[in-house]
Amino acid sequence: MLTPSRDGRPPAEDEPSDQALVERLGHGDPEAFGPLVQRYQASVYNVCYRLLGERVAAEDLAQETFIRAYQRLHHYDPQRPFGPWIRRIAANLCLNHLEARRPATLALDDERDAPLAAPATHDPAAAQVRAEEAAAVRAAILSLPPHYRAVIELRHFQDLSYAEIAATLNLPVSDVKSHLFRARKLLARLLDPPG
Amino acid sequence: MDTHLTDETLNEYLDGVLAAKQQAELTAHLARCPACAARLEALRALFARLEALPAASLNRDLAPAVLQALSPTQPGAPPGVHPPRRLLPRLVLGVQLVGAMLLSILTWPFIEPQLNRWGNLPLPAPGLGDLAARAQAAWAAWLDPLHTLEMALTTALAWPREIVLPFDSRWLDLAGLAPSPRDAALALAGAAALWLAGHALLLRHPLVRLLRRRP
Ligand SMILES: [Zn+2]
């Protein structure tokens, strides 16, 4: 099982940096892409899983994200970190995927997946509570319309600014803000029903 | 009492984009308004729940499939590293063009009398005669050093002159081929020139590539 991480696994001391690997790709060494995939696949997969809610679809889209990134490597600025760049590609790809297959089907098999995501513990009751909480949050995100899901993903899980989200989704900043605030209102209503 | 804080203000506050002045106003309002303070806390709790969502585990390594998917379409470097892959076709194109031009020059003396025979027709453009004369002069200049070389070789190696080099027109007569060797050479060289030019220019034309891609 691969280390789950929101930010991707940073290279160890003796491993080449992201920039070194990208440079090797630039010199026509496609094998250098393998370590980059392994470094970021867990975080890219998590972007896709949060947005799609289905494990198999998330794996497929994560794979597609890396292929797309490879083909668009000339757009990547090596001065900037690789992880945020590829996670933005993943978010966009998932959003396109969601919009293409509208109306989105809500994946309710999440509850079954969720226990895998909960950290190991010796207290089964606490683990159960955590798993249920994670499943509830995932289900709430998945109940949002695709664009709302995307802004929640980019703001809360990728820590992008309004302007960066606007650039990523090709939307005006005013739309980003209204989507984001509206999405939060919907999430709050779903997770904390009044009364 | 002043108006309550808007949802937008609360959101922007937690997103850290409020200007210092607005933030001071917000803090002052929160201090005396429990309702807005509660709204802010609810929003903050939502942020915390999103933040606490654990990462899901990926159960397989995607790298082999990704590299596999990339290998058939991208045999070498990724896009953006095109120059090395495009150098060879360009070189071939260049060689083909030079070859075609060379063949045209070489065949010109055979074509030129033919053109002269049609010279009475209004077909050839004005100035073609000039061009032909210049080409013939060039051809003659081209033959001179070849003759010298041929002589040198003949003398040095004591080979029968006829089989050393085919640049003397007498060689064509001696060959005694049927149909006339001149016609054969003309046809062969012309066909070669056409083939080279056609292959280099036509088959590489974007339109032709498009047609080949969608049969
Ligand atoms: Zn208030």
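In this text, all values refer to a predicted model and were calculated from it rather than measured experimentally.

Quick word on the overall build of chain B
Helix and strand counts for chain B come out as 10 helices and zero strands. Counted from the first residue to the last, chain B has its helices and strands arranged as α-α-α-α-α-α-α-α-α-α. In chain B, which comprises 215 residues, the share counted as buried stands at 26%. Pairs at least 24 residues apart make up 61% of the contacts formed inside chain B by residues separated by at least 6 positions. Approximately 14,200 Å² of chain B is accessible, and the part contributed by carbon and sulfur atoms is 68%.

Topic: the nonpolar core
Soluble globular proteins: nonpolar side chains tend toward being buried together. Residues and elements named next belong to chain A. Counting residues in hydrophobic clusters, the biggest one holds 78 residues, and the most contacted among them are Phe 33, Cys 48 and Phe 82. Among the elements that make up this core, the one with the highest residue count is helix H2 (residues 33–52) (11 residues). Once residues within four sequence positions are removed from consideration, Cys 48 is found in contact with Gly 53, Ala 58, Leu 61, Ala 62, Thr 65, Ala 90 and Cys 94.

Notes on helix H4 (residues 82–100) of chain A
Each α-helix winds once per 3.6 residues, and so residues spaced three or four apart point in a common direction. All names here are of chain A. Under the 1.5 Å per step criterion, the end-to-end length of H4 is 27 Å for 19 residues, consistent within 8% with the ideal 27 Å. Buried within H4 are the following residues: Phe 82, Gly 83, Trp 85, Ile 86, Arg 87, Ile 89, Ala 90, Ala 91, Leu 93, Cys 94, Leu 95 and Leu 98. Buried residues along H4 sit in contact with helix H1 (18–26), H2, helix H3 (55–71), helix H7 (146–157) and helix H8 (162–169).

Here's the deal with the interface of chain B and chain A
In this complex, chain B contributes 35 residues to the contact, which on the side of chain A involves 52 residues. Summing the contributions of chain B and of chain A, the shared interface buries around 4,000 Å²; its carbon and sulfur component is 62%. Remark: the boundary between chain B and chain A carries eight salt bridges. Here B:Asp7 makes a salt bridge to A:Lys185, at a shortest N to O gap of 2.5 Å. Between the two partners, chain B and chain A, sit 17 residue pairs in polar contact (both at pLDDT 80 or more).

Notes on the environment of B:Glu112
Within the secondary structure, B:Glu112 is located in helix H5 (residues 83–117). Considered as a pair, B:Glu112 and B:Gln136 are 24 residues apart in the sequence and their alpha carbons are 8.3 Å apart.

What to know about the coordination of the zinc ion
All names here are of chain B. Ligation of the zinc ion by protein atoms is provided by His 4 (ND1), His 29 (NE2), Cys 33 (SG) and Cys 36 (SG), these donors lying 1.9 to 2.3 Å from the ion. Coordination at the zinc ion comes from four donor atoms whose angles at the metal span 99 to 128°, giving a geometry best classed as tetrahedral. Each donor residue of the zinc ion lies on the same chain, and together they follow the pattern H-x24-H-x3-C-x2-C. On the basis of relative accessible area, Cys 36 is assigned to the buried category, the value being 1%.

Basis of the calculations
Residues numbered from 1 in each chain as written. Chains lettered and ligands numbered in written order. Predicted model: local features only at pLDDT ≥ 70, side-chain atom pairs only at ≥ 80, totals over all residues. Heavy atoms only, no water. Helix = DSSP H or I, 4+ residues; strand = E, 2+ residues; numbered from the N terminus. Buried < 20%, exposed > 50% of the residue type's maximum accessible area, 1.4 Å probe, protein only. Contact = heavy atoms within 4.5 Å. Areas by Shrake-Rupley, 256 points an atom, 1.4 Å probe, with all protein chains shown as cover. Core = buried A, V, L, I, M, F, W, Y, C linked by side-chain atoms within 4.5 Å. Expected span 1.5 Å × (residues − 1). Buried area = accessible area lost by both parts, 1.4 Å probe. Salt bridge = Lys/Arg side-chain N within 4 Å of Asp/Glu carboxyl O. Polar contact = N/O pair within 3.5 Å; in protein donor to acceptor, adjacent residues only side chain to side chain. Donors = N, O, S within 2.8 Å, 3.2 Å for Na, K, Ca; no water. Tetrahedral: all angles 85-135°; square planar, octahedral: opposite > 155°, others 65-115°.

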